[in-house]
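Secondary and tertiary structure notes
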Protein chains: 2
Amino acid sequence: MSVFERTKRNRVLRNPTRGNYERDEVYRIVDEALYCHVAFVMDGQPYIIPTLHAREGDTLLLHGSSASRMIRHAEANPLCVTMTLVDGIVLARSAFHHSINYRSAVLFGNGEAVSDPEQKMDALGRFTERLMPGRWNDVRWPDRRELKATGVIAMPIESASAKIRSGPPVDDDEDMALPVWAGVLPLEQSFGALIADPDAPVDLPAPEYLQTYIDSRLDG
Amino acid sequence: MSVFERTKRNRVLRNPTRGNYERDEVYRIVDEALYCHVAFVMDGQPYIIPTLHAREGDTLLLHGSSASRMIRHAEANPLCVTMTLVDGIVLARSAFHHSINYRSAVLFGNGEAVSDPEQKMDALGRFTERLMPGRWNDVRWPDRRELKATGVIAMPIESASAKIRSGPPVDDDEDMALPVWAGVLPLEQSFGALIADPDAPVDLPAPEYLQTYIDSRLDG
């Protein structure tokens, strides 16, 4: 079995050479992913934190509470950031060739704390817009206290790679005649019905950009 | 904004004390997640790999190509494994209180290579059954060469924690009257239509356990 490790007959964009990678392919995955996982090291122990990200050119912006371990530790320390999009379960005739169709990006770099209030506000706008395009101009922006409570890390992307598996299972020739159904079960993102805040003092209609977002994601 | 970092008004199961955690809550997340992210450290640099996992009591089993960096490095080295399930986008009236509803588990331990062929075969059965319950007895099992090409790491779970955010946005009192729609956009897993392998020599019906799996996941 070779889930997440197998790239035979698939596009492999991995290129460990620093600064040399299929940038567009990697950035498409970075920009499609709703969130990422960040790894950092403390005293030899790795930690992984799921968090929200945004990309500004070749810099990845990461986000968390100012008090969080990740934010406090990310500055000037090596990070690894991964985005993983899972597209389907690949069912082969042999256990060994079972797999997952996926697209993943891995980014490396050192974190730098963003402390300038204007840059921080700009980053928070980007995070909000990534979570829901159109939202930033609809909501109350962070005040000074909130800006202070929010940590933003900028990670210049030093190297990155993408791994993609797509398509049907690839079985050995001698297994093709086995009486086993083989194929792919596609995994898709869908949305439940909107749940308005039950504590809302008055009923407001859901904004148009919300439906636009849902439609755009379902088309993808 | 406080995506993935905020736990106010939510159950917090994190407890950094080794061996002392809300085991059932953590294991429910571990067992529901289709895959995990594993972090390990090489020369001070963290790496994250998405991979398939299975749980056997208090031991986590991880899987990869024997040749992969993760498998070669995981033995006797500290690992961090995270499972993240995302349930919804939380839209508050203030940018600061935007969040994500999610359930995540973080597990720590040292990896141990599983080399005994019988134990390895048992682990591969578990991985296959996690990917698709009912599949293992339907497919060709790994032969000696395939067993050798597959790396299995057992990680006794030394400590673990869960973080869960659920429910509506939590805005500051003074923001409640803002004319901004607030609430949750639920994110759900769905499935596309099965895609049979176009290279199949004969058309076979999809097995019953596949539909059972789809139905069970949609009910959840």
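In case you missed it, the structure is sitting above this.
My aim in this report is to walk through the structure given alongside it, one point at a time. Nothing here was measured: the structure is a model prediction, and the numbers come from that model. (Residues numbered from 1 in each chain as written. Chains lettered and ligands numbered in written order. Predicted model: local features only at pLDDT ≥ 70, side-chain atom pairs only at ≥ 80, totals over all residues. Heavy atoms only, no water.)

**A look at the pattern of salt bridges**
Evaluated as defined, the whole model comprises 30 salt bridges over all chains. Between Asp197(B) and Arg93(A) there is a salt bridge, with the nearest N and O atoms lying 3.0 Å from each other. With Asp197(B) in the loop between β11 (195-196) and α5 (208-219) and Arg93(A) in the loop between β5 (78-91) and β6 (99-110), this residue pair bridges two chains. By the burial criterion, Asp197(B) is buried, and Arg93(A) matches it. With its nearest N and O atoms 3.0 Å apart, the salt bridge here joins Asp122(A) to Arg126(A). Here Arg126(A) and Asp122(A) lie together in helix α3 (residues 117-131), a separation of 4 residues that amounts to about one turn. Given a relative accessible area of 30%, Arg126(A) falls into the partly exposed group. One connected set of salt bridges, linked through shared partners, spans Arg140(A), Arg145(A), Glu146(A), Asp172(B) and Asp175(B). (Salt bridge = Lys/Arg side-chain N within 4 Å of Asp/Glu carboxyl O. Helix = DSSP H or I, 4+ residues; strand = E, 2+ residues; numbered from the N terminus. Buried < 20%, exposed > 50% of the residue type's maximum accessible area, 1.4 Å probe, protein only.)

**Some remarks on helix α1 (residues 23-32) of chain B**
Because the α-helix completes a turn every 3.6 residues, residues three or four places apart line up on one side. Of the residues making up α1(B), those classed as buried are Glu25(B), Val26(B), Tyr27(B), Ile29(B) and Val30(B). Contact partners of the buried residues in α1(B): β3 (53-56), β4 (59-65), β5 (78-91), β6 (99-110), α3 (117-131) and β9 (159-165) of chain B. (Contact = heavy atoms within 4.5 Å.)

**Looking at the sheet that holds β3(B)**
Residue and element names in this part refer to chain B. One open sheet accounts for 4 strands, arranged β3-β4-β8-β7; its pairing is antiparallel. One side of each edge strand has no neighbouring strand; the edge strands of this open sheet are β3 and β7 (112-113). Sheet topology note: the β4/strand β8 (residues 150-156) ladder contains 7 bridges and is antiparallel. If you follow His-63 over to β8, its bridge partner there is Val-152. (Pairing = 2+ DSSP bridges.)

**Considerations on the relation of the copies chain A and chain B**
When chain A is fitted to chain B, the best match, at an RMSD of 0.0 Å, comes from turning it 180° and sliding it 0.0 Å along the axis. On this basis, the relationship between the two copies can be described by a two-fold rotation axis. Ranked by how close their C-alpha atoms come to the rotation axis, the residues of chain A are headed by Gln189(A), at 2.6 Å. Looking at chain A, 100% of its interface residues are interface residues in chain B too, so the copies touch through the same face. (Least-squares fit on C-alpha atoms with pLDDT ≥ 70 in both.)

**Some thoughts on unusual backbone geometry**
Most peptide bonds are trans, and most residues other than glycine sit at a negative phi. Residue and element names in this part refer to chain A. A positive phi is found at Asp-43, a non-glycine position, where the angle reads about 50°. With respect to the helices and strands, Asp-43 occurs in the loop between β1 (36-42) and β2 (45-51). You can call Asp-43 exposed: its relative accessible area is 85%.

**Description of the packing of aromatic side chains**
Here a ring pair, both rings aromatic, is described through the centre-centre distance and the interplanar angle of the planes. Tallied over the entire structure, the rule returns 8 aromatic pairs over all chains. Relative to Phe108(B), the ring of Tyr47(A) has its centre 5.3 Å away and its plane inclined at 65°; by these criteria the two rings are edge-to-face. Within this pair, whereas Tyr47(A) is found in strand β2, its partner Phe108(B) is found in strand β6, the two belonging to separate chains. Phe108(B) matches Tyr47(A) in its accessibility class, with the two residues each being buried. A centroid spacing of 5.9 Å and a plane angle of 65° characterise the contact between Phe191(B) and Tyr213(B), whose relative ring orientation is edge-to-face. Of this pair, Phe191(B) sits in strand β10 (residues 183-191) while Tyr213(B) sits in helix α5, placing them 22 residues apart in sequence. Tyr213(B) shares its class with Phe191(B); the two are buried. Joined through ring pairs, the aromatic side chains of Phe40(A), Tyr47(A) and Phe108(B) make up one cluster. (Phe/Tyr/Trp six-rings, centres within 6.5 Å; stacked < 30°, edge-to-face > 60°.)

**Examining the pairing of β10(B)**
Most of β10(B) sits inside the fold, with 7 of its 9 residues counted as buried. Pairing of strand β10 (residues 183-191) of chain A with β10(B), which is carried by 5 bridges, proceeds in the antiparallel orientation. Along β10(B), the bridge assignment pairs Leu187(A) with Phe191(B). Both strand β11 (residues 195-196) of chain A and β10(B) contribute to a ladder of 2 bridges, which runs antiparallel. Paired with Ile195(A) across the bridge in β10(B) is Val184(B). Here 4 bridges tie β5(B) to β10(B), and the two strands are oriented antiparallel to one another. Directly across from Leu91(B), in β10(B), lies its bridge partner Gly183(B).

**Describing the interface of chain A and chain B**
On the side of chain B, 99 residues touch chain A, which itself brings 99 residues to the contact. For the pairing of chain A and chain B, the buried interface totals around 8100 Å² over both sides, and the portion due to carbon and sulfur atoms is 66%. At the boundary of chain A with chain B, the tally comes to 8 salt bridges. In this structure, the salt-bridge partner of Asp175(B) is Arg140(A), at a minimum N-O distance of 2.8 Å. At the boundary of chain A and chain B, one finds 29 residue pairs in polar contact (both at pLDDT 80 or more). For the side of chain A that touches chain B, the per-class residue count stands at 63 nonpolar, 21 polar and 15 charged. (Buried area = accessible area lost by both parts, 1.4 Å probe. Polar contact = N/O pair within 3.5 Å; in protein donor to acceptor, adjacent residues only side chain to side chain. Nonpolar A, V, L, I, M, F, W, Y, C, P; charged D, E, K, R; others polar.)

**Some thoughts on the sheet that holds strand β8 (residues 150-156) of chain A**
All names here are of chain A. If you trace the 4 strands from one edge of the open sheet to the other, you get β3-β4-β8-β7, paired in antiparallel fashion. Each edge of the sheet is formed by a strand with only one pairing partner; in this case those strands are β3 (53-56) and β7 (112-113). Contacts between α3 and the sheet are confined to β3, β4 (59-65) and β8, with β3 contributing the most and set at about 115° to the helix. (Axes fitted to C-alpha atoms, helices over the stretch in contact; angles between N-to-C directions.)

**Things to note about the nonpolar core**
Counting 64 residues, the largest nonpolar core has Leu107(A) and Leu107(B) as its most contacted members. Once residues within four sequence positions are removed from consideration, Leu107(A) is found in contact with Val26(A), Val30(A), Leu60(A), Leu79(A), Cys80(A), Val81(A), Met83(A), Met155(A), Ile157(A), Ser159(A) and Ala160(A). (Core = buried A, V, L, I, M, F, W, Y, C linked by side-chain atoms within 4.5 Å.)

**A word on the state of the cysteines**
Residues and elements named next belong to chain A. One pass over the full model with this rule turns up 0 disulfides over all chains. A disulfide-free cysteine, Cys-80 has its sulfur positioned 10 Å from the sulfur of Cys-36, the nearest such atom. By relative accessible area, Cys-80 is classed as buried at 0%. (Disulfide = S-S within 2.5 Å.)

Nothing here speaks to function; it is geometry throughout.
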